[in-house]
Amino acid sequence: MTDQPAFEPTAEERAATPMASDQTGNAPAALTVAGSTAVAEPLVLRNELWAPADPNAYEGGRPAEVTHLAEFGATQAGRRDDARWSGILEVIPTKADLVLDLLRANSLWPLLSGLACCAIEMMSYATSKNDVDRFGAFPFRASPRQADVLIVAGTLTTKMAGPLLRLWEQMPEPKWCVAMGDCTCSGGRYKRSYSTVEGIDRIMPVDVYVPGCPPRPEGLIFGMMKLQQLVKDRRGHWPERAIGPTVPAGV
Amino acid sequence: MATQTPPRSDAPPKAPAGTHPSADDPHVLLENEYDFYEPIPPYPPRTEREAEFYTLGDGEMFLNMGPQHPSTHGVLRVVLKLDGERVVDIDPVLGYLHRGVEKLVENADYHQTISQVDPLEYISSLFCEWAPVTAYEKLLDVEVPRRAEYIRVLSGELNRIASHALFMGWFALDLGGLTPILWSFIERDEIVEMLAALTGQRMLFNYFRIGGVNGDLNHEFLSRLGDWMSRAVGQIDANIALLNENEIFVRRASGLGVIDSETAMRFCMTGANLRATGVPFDLRRTHPYSIYPELEFDIPTRTEGDSLARYLLRMEEVKQSIRIIDQCLDKMPDGPIMAKLPRLLRPRPGRAWAAVEGPRGVYGAYAISDGTDQPFRLKIHDPSFIHLQAVGALLPGNLLADTMAIMASLDPVMGGVDK
Amino acid sequence: MDRALARRLEARFETVLHGPAKGRHDQTEVRIGAGDVQDVLRALHDEPEFHFTMLADLAGVDTGTEMQVVYHLWSSTTSDWLRVIVEGLSRDDPRIPSVTFLWQGSEWMERETYDMFGITFEGNRDLRRIYMPPDYTSFPLRKDFYLPDDAARSPGAGVRHVERTHSPVDAAPGVVRRTSA
């Protein structure tokens with residue numbers, strides 16, 4: 001495909017062309033710097049999509065209660081932006097996680113978040129022929145509060161991105177995310193569409209990518225076994241995980 | 001962020017400032033936590049229907065069944081207006097799976113259409129391919145070879161059986177039964193492995209081509225098909241008996257979501273939902289296409305119009321589909337499976353409409369060509385989209401627990417609804 | 001093509017049709033203007049010699065110069081599909097009367113056409129967006145709404161911003177982010 005030179009339209013051009021396109025404001029996200037070949041910053045949507053009723057909730061200003069760890073709470077690690085209690089409390093369970101992650105790996109409960117066609121293959125992976133119950137993952141929880149894994153199965157549209165992020169935030173930690181299907185890995189066959197998100201790693205951290213359109217249930221089983229391996233290999237170190245369009249090292 | 005609107009006149013009074021909320025005074029605790037009332041939706045109503053729906057009557061409340069819910073149709077958001085347990089009105093909110101297929105098709109070749117429209121009704125992908133392909137063949141004035149037509153009908157009817165098997169599983173799941181979906185997935189897995197041997201894919205087959213089909217019948221497909229056919233009728237009868245002989249299922253589903261034929265015609269419903277109300281409209285007989293005139297099969301019709309009738313009708317259609325498959329295998333002619341067409345298709349400028357009878361209803365495609373190698377417009381008419389409208393007429397008066405059951409009985413697929 | 005149907009249509013609606021009734025394969029096509037929609041479709045629906053009681057599809061079309069709305073109807077009296085093309089809608093403010101008084105099922109089809117094209121259906125009680133979020137400002141299926149792919153081939157190539165994507169192999173090695181506690 002030939003590279004079209006990108007340039008800023010002048011104010012008269014902007015006024016002259018009727019603005020029916022979706023590129024509102026003519027300000028694309030950090031992409032059209034001329035000559036730049038850097039990978040664009042992933043669009044990480046912070047939780048401005050949803051705000052709690054109480055502005056003081058979710059460490060929005062509540063000071064650290066445990067005084068001897070208040071110093072930790074004041075550091076950057078202790079003040080993370082996703083939905084969790086203040087960062088002090090995460091130090092304590094981390095040591096227990098070394099053992100607990102071994103147990104969690106064999107009982108990863110997915111959230112029912114089938115969006116589109118891949119959901120059918122996810123259901124096929126859950127039913128008798130490709131039984132997922134033998135991995136301990138049969139209970140597909142309807143509520144995110146009870147789920148461990150978010151298997152995003154199906155195309156993510158911009159309208160659904162908000163609710164999906166809300167689901168992800170509502171899941172208690174430790175939580176993992178599996179991008180099932182091409183549409184969630186990279187946008188898939190809908191990459192050039194005006195209403196889809198090109199891969200869910202633009203909005204949430206992904207641990208395992210299962211490509212395919214749709215991936216066979218055996219493929220999803222392979223992906224989940226990789227996730228189990230990942231959970232066991234990184235036990236106790238869940239907070240230090242990669243966020244962004246990367247493939248985690250050592251997996 | 002929530003806008004601060006003044007509390008409603010009937011809201012409980014706030015606790016005086018400075019007092020500790022008492023643990024055993026729920027009013028005070030609640031009032032301190034939720035002291036704002038955000039109207040749904042968070043903007044003034046813009047249409048007459050929105051104003052009618054989003055105005056609460058006495059004792060009514062809104063319940064949001066959000067885009068993620070345990071029902072298996074997909075991402076559908078339904079705002080329910082409830083009076084206690086009874087549904088007064090519903091407002092389905094679509095678009096959570098809108099992928100812009102029609103726009104993408106306009107920017108691609110004619111052949112690439114097939115892979116783009118596959119995931120619309122992902123459970124019955126072959127019908128999603130069939131309609132646009134037939135429309136393009138009308139634009140090109142191309143005649144499909146008879147063997148290809150027979151293979152299309154054969155694979156289509158297999159897909160219909162798989163789709164109805166899934167319907168049975170989901171309908172029971174939404175009524176609370178967890179076993180039938182496991183049984184129906186066994187059946188679906190067998191059929192889908194068969195189709196994978198034929199087309200290469202378990203779902204989203206990408207099998208039909210403009211002028212024929214992609215690959216001929218092969219040994220693995222035929223051996224799996226023969227193996228399955230020898231067990232098929234018994235297996236299907238067992239699946240149906242599992243539900244039909246379950247008193248809870250029958251009593252819950254009968255009388256649920258009754259539609260009469262005038263309402264169904266007014267809502268432009270087609271397919272099994274229309275046939276369950278007594279109108280014997282099936283495109284395979286009323287407006288025959290492909291080689292259906294040469295095949296012998298019946299069109300089951302029922303008159304009750306409730307969910308049980310829709311379910312029983314689809315199960316009878318499965319048996320008719322097996323009859324059709326038998327005849328296709330008997331009468332399969334020899335010959336090519338693709339018409340001779342140039343690689344780069346440039347149909348003459350014109351318009352063509354084609355409709356096929358999918359498992360959910362009439363699946364149509366309206367194609368406009370402007371003489372170039374890209375389609376000018378492809379409009380897909382999806383039956384699930386139409387049937388979801390009728391839910392608004394069916395749900396009021398029913399209990400909340402029946403909401404998803406009625407929706408499941410109409411068999412919508414959100415990929416098709418949202419395109 | 002059902003020539004008897006074409007003759008009946010031309011005889012009944014000769015004052016409002018824009019040209020003769022055409023057809024090909026199993027479809028008959030007539031063209032009318034926006035003002036005649038309600039009369040023509042009501043006649044097609046109610047009169048026993050036509051009896052087009054089933055609306056199969058309601059589509060919007062943007063031809064580049066004008067907008068059209070296309071209805072596909074089915075009747076038990078004929079073996080053809082009938083296509084009614086309502087043409088001549090302007091691209092700036094397309095308005096057309098709604099047919100929800102005949103078929104309540106056309107309400108959502110008209111909503112979809114409004115969402116994708118911006119065509120206003122007068123008489124539709126619920127004309128709001130159905131696929132795109134309610135605060136979306138564009139109409140995606142219009143011909144002046146460009147996807148990044150076809151912007152490069154459009155007459156406006158280079159004038160509007162095109163989302164440039166970069167392949168990951170070009171990325172500098174230090175760009176990948178890792179977070180740590």
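When you go through chain A residue by residue, the secondary structure sums to seven helices and four strands. Listed by position from the N terminus, the elements making up chain A come as α-α-α-β-α-β-α-β-α-β-α. Counting all 251 residues of chain A, 47% fall into the buried class. Of all intrachain contacts in chain A linking residues separated by at least 6 positions in sequence, the fraction that spans at least 24 positions is 73%.

A separate point is the sheet that holds strand S6 (residues 350-357) of chain B. Residue and element names in this part refer to chain B. Overall, antiparallel pairing links the three strands, which are arranged S6-S7-S8 in an open sheet. The strands lining the two open edges of the sheet, one partner per strand, are S6 and strand S8 (377-381). Going across the sheet, the axis of each strand differs from the next one's by a mean of 10°, ignoring polarity. The sheet contact formed by strand S7 (residues 362-369) and S8 spans five bridges and is antiparallel. Among the inter-strand pairings, Gly364 is bridged to a residue of S8, identified as His381.

Here the focus is the interface of chain C and chain B. With 52 residues of chain C at the contact, the number on the chain B side is 49 residues. Between chain C and chain B, a total of about 4500 Å² is buried, with carbon and sulfur atoms accounting for 56% of that surface. On the surface where chain C and chain B come into contact, there are 11 salt bridges. Measuring nitrogen to oxygen at the nearest pair gives 3.0 Å for the salt bridge that ties Lys379(B) to Asp57(C). Counting across the chain C and chain B interface gives 29 residue pairs in polar contact (both at pLDDT 80 or more). Going through the elements one at a time, strand S2 (27-33), strand S3 (54-62), strand S4 (67-74), strand S5 (81-89) and helix H3 (106-117) of chain C are the ones with two or more residues in the side of chain C that touches chain B. A total of nine residues in the side of chain C that touches chain B trace back to one element, the largest contributor, which is S3(C). Each residue belonging to the side of chain C that touches chain B can be placed in one class, and the counts come to 25 nonpolar, 10 polar and 17 charged.

Residues and elements named next belong to chain B. According to the domain assignment, chain B contains domain 1 (21-93) and domain 2 (101-418). Domain 1 puts 17 residues into the contact, and the matching count from domain 2 is 20 residues. Where domain 1 packs against domain 2, one counts zero salt bridges. Linking domain 1 with domain 2 are four residue pairs in polar contact (both at pLDDT 80 or more), by the criterion used here. If you tally residues by element for the side of domain 1 that touches domain 2, the top one is strand S3 (residues 86-93), at four residues. Partitioning the side of domain 1 that touches domain 2 into residue classes produces 10 nonpolar, five polar and two charged.

With that settled, consider the sheet that holds S5(C). Residues and elements named next belong to chain C. The five strands lie next to each other as S1-S2-S5-S4-S3, forming an open sheet whose pairing is mixed. Edge positions in the open sheet fall to strand S1 (22-24) and S3, since each of these has one partner strand only. Neighbouring strand axes in the sheet, compared pairwise and without regard to direction, differ in orientation by 20° on average. Bridging between S2 and S5 involves seven bridges; their strand directions are parallel. Looking at the pairing, Ile32 lines up with Val86 of S5. H3 rests against S3 and S4 of the sheet, and its axis sits at about 10° to S3.

It is worth spelling out the pattern of salt bridges at this point. Residue and element names in this part refer to chain B. This structure, assessed with the given rule, holds 56 salt bridges over all chains. Between Arg275 and Asp282 there is a salt bridge whose closest N-O contact spans 3.6 Å. Note that Glu304 is salt-bridged to Arg302, the shortest N-O span being 3.9 Å. A residue is classified by how much of its surface remains accessible, and Glu304, at 42% relative accessible area, is partly exposed.

All right, on to the confidence of the model for chain B then. Residue and element names in this part refer to chain B. Per-chain confidence: chain B averages 86 in pLDDT, with 90% of residues scoring 70 or above. Across residues 18-37, where pLDDT falls below 50, the model places 18 contacts with residues more than four positions away in sequence or in other chains. Prediction confidence for the complex, expressed as pTM and ipTM, is 0.79 and 0.85 respectively.

Nonpolar side chains in soluble globular proteins tend to end up buried together. With 214 residues, the main nonpolar core has Leu94(B), Tyr311(B), Leu44(C), Tyr71(C) and Val84(C) as its most contacted residues. Counting residues per element, this core draws most heavily on helix H6 (residues 146-175) of chain B, which supplies 15 residues. Structurally, this core is a two-domain feature, drawing no fewer than three residues from each of domain 1 (21-93) and domain 2 (101-418) of chain B. Core analysis: the second largest hydrophobic core is formed by 25 residues, Val132(A), Phe140(A), Trp176(A) and Ile221(A) among them.

A separate point is the pairing of S4(C). Residue and element names in this part refer to chain C. Of all eight residues in S4, eight are buried; the element is thus mostly enclosed. The two faces of S4 match: Met67, Val69, Tyr71 and Leu73 on one face and Gln68, Val70, His72 and Trp74 on the other face are all buried. With antiparallel pairing between neighbouring strands as the criterion, S3 and S4 make up a hairpin whose turn holds four residues, including Gly64 at a positive phi of roughly 95°.

Right, let's talk about the packing of helix H14 (residues 383-394) of chain B against H3(C) for a bit. One way to put it is that H14(B) packs onto H3(C) with a least axis distance of 9 Å and a crossing angle of 120°. When the axes of H14(B) and H3(C) are compared, the pair comes out oblique. Judged by the twist between their axes, the crossing of H14(B) over H3(C) is right-handed. For the pair formed by H14(B) and H3(C), the contact residues are Phe385(B), Ile386(B), Leu388(B) and Gln389(B) on the first element and Ser106(C), Glu107(C), Trp108(C), Met109(C) and Glu112(C) on the second.

The next thing to look at is a nonpolar patch on the surface. Nonpolar side chains collect at one region of the surface, where Leu98(A), Val99(A), Leu100(A), Leu102(A) and Leu103(A) lie side by side and expose about 430 Å² of accessible area between them. On the secondary structure map, Leu102(A) appears in helix H3 (residues 91-105).

Within the structure shown, the criterion is met by 22 aromatic pairs over all chains. Relative to Phe145(C), the ring of Tyr194(A) lies with its centre 5.5 Å away and its plane at 90°, an arrangement referred to as edge-to-face. With Tyr194(A) in the loop between helix H6 (182-185) and strand S4 (208-210) and Phe145(C) in the loop between strand S7 (120-122) and helix H4 (148-151), the pair connects residues from two separate chains. Their ring planes at 45° and their centres at 6.0 Å tell us that Tyr207(B) and Phe208(B) sit as a pair that is tilted. When its relative accessible area of 0% is taken as the criterion, Tyr207(B) is described as buried. These aromatic residues form a ring-pair network of at least three members: Phe127(B), Trp130(B), Tyr207(B), Phe208(B), Tyr289(B), Tyr292(B) and Phe297(B). Positioned above the aromatic ring of Tyr96(B), the side-chain terminus of Lys159(A) is 5.2 Å from the ring centre. The lysine or arginine in question, Lys143(C), covers the ring of Phe376(B), its NZ or CZ lying 4.0 Å from the ring centre.

A rise of 1.5 Å per residue sets the reference length of helix H5 (residues 158-170) of chain A, with its 13 residues, at 18 Å; its end C-alpha atoms lie 19 Å apart and thus fit the reference within 8%. Buried residues dominate H5(A), accounting for 10 of its 13 residues. Turning to H5(A), its buried residues number three or more, namely Lys159(A), Met160(A), Ala161(A), Gly162(A), Pro163(A), Leu164(A), Leu165(A), Leu167(A), Trp168(A) and Glu169(A). Residues of H5(A) that are buried make contact with strand S1 (110-111), strand S2 (149-153) and strand S3 (176-180) of chain A together with S3 of chain B.

We now examine the side chain of Asp2(C). All names here are of chain C. Assignment of secondary structure puts Asp2 in the segment before helix H1 (3-12). One buried charged residue, Asp2, forms no salt bridge at all, with the nearest opposite charge on Arg8 at 4.9 Å. In contact with Asp2, other than residues within four places in its own chain, are Thr28, Thr78, Ser79 and Asp80.

Next up on the list: the environment of Asp370(B). Residues and elements named next belong to chain B. Within the secondary structure layout, Asp370 lies in the loop between S7 and S8. Taking relative accessible area as the criterion, Asp370 reaches 35% and is therefore assigned partly exposed. With 10 residues separating them along the chain, Asp370 and Arg360 place their C-alpha atoms 31 Å apart. Non-local contacts of Asp370, meaning those with residues more than four positions away in its chain, are made with Pro349 and Phe376. Here the side chain of Asp370 touches Thr372 through a polar contact of 2.8 Å, side chain to side chain.

Criteria and thresholds
Residues numbered from 1 in each chain as written. Chains lettered and ligands numbered in written order. Predicted model: local features only at pLDDT ≥ 70, side-chain atom pairs only at ≥ 80, totals over all residues. Heavy atoms only, no water. Helix = DSSP H or I, 4+ residues; strand = E, 2+ residues; numbered from the N terminus. Buried < 20%, exposed > 50% of the residue type's maximum accessible area, 1.4 Å probe, protein only. Contact = heavy atoms within 4.5 Å. Pairing = 2+ DSSP bridges. Axes fitted to C-alpha atoms, helices over the stretch in contact; angles between N-to-C directions. Buried area = accessible area lost by both parts, 1.4 Å probe. Salt bridge = Lys/Arg side-chain N within 4 Å of Asp/Glu carboxyl O. Polar contact = N/O pair within 3.5 Å; in protein donor to acceptor, adjacent residues only side chain to side chain. Nonpolar A, V, L, I, M, F, W, Y, C, P; charged D, E, K, R; others polar. Domains from an automatic or database assignment. pLDDT = per-residue confidence, 0-100. Core = buried A, V, L, I, M, F, W, Y, C linked by side-chain atoms within 4.5 Å. Parallel < 35°, antiparallel > 145°, perpendicular 65-115°, else oblique. Left-handed = near helix turned anticlockwise from the far one by under 90°. Patch = residues over 30% accessible without salt bridge, like charges linked within 9 Å, V, L, I, M, F, W, Y side chains within 5 Å. Areas by Shrake-Rupley, 256 points an atom, 1.4 Å probe, with all protein chains shown as cover. Phe/Tyr/Trp six-rings, centres within 6.5 Å; stacked < 30°, edge-to-face > 60°. Lys NZ or Arg CZ within 6 Å of the ring centre and 35° of its normal. Expected span 1.5 Å × (residues − 1). Lys, Arg positive; Asp, Glu negative; His and termini not counted.

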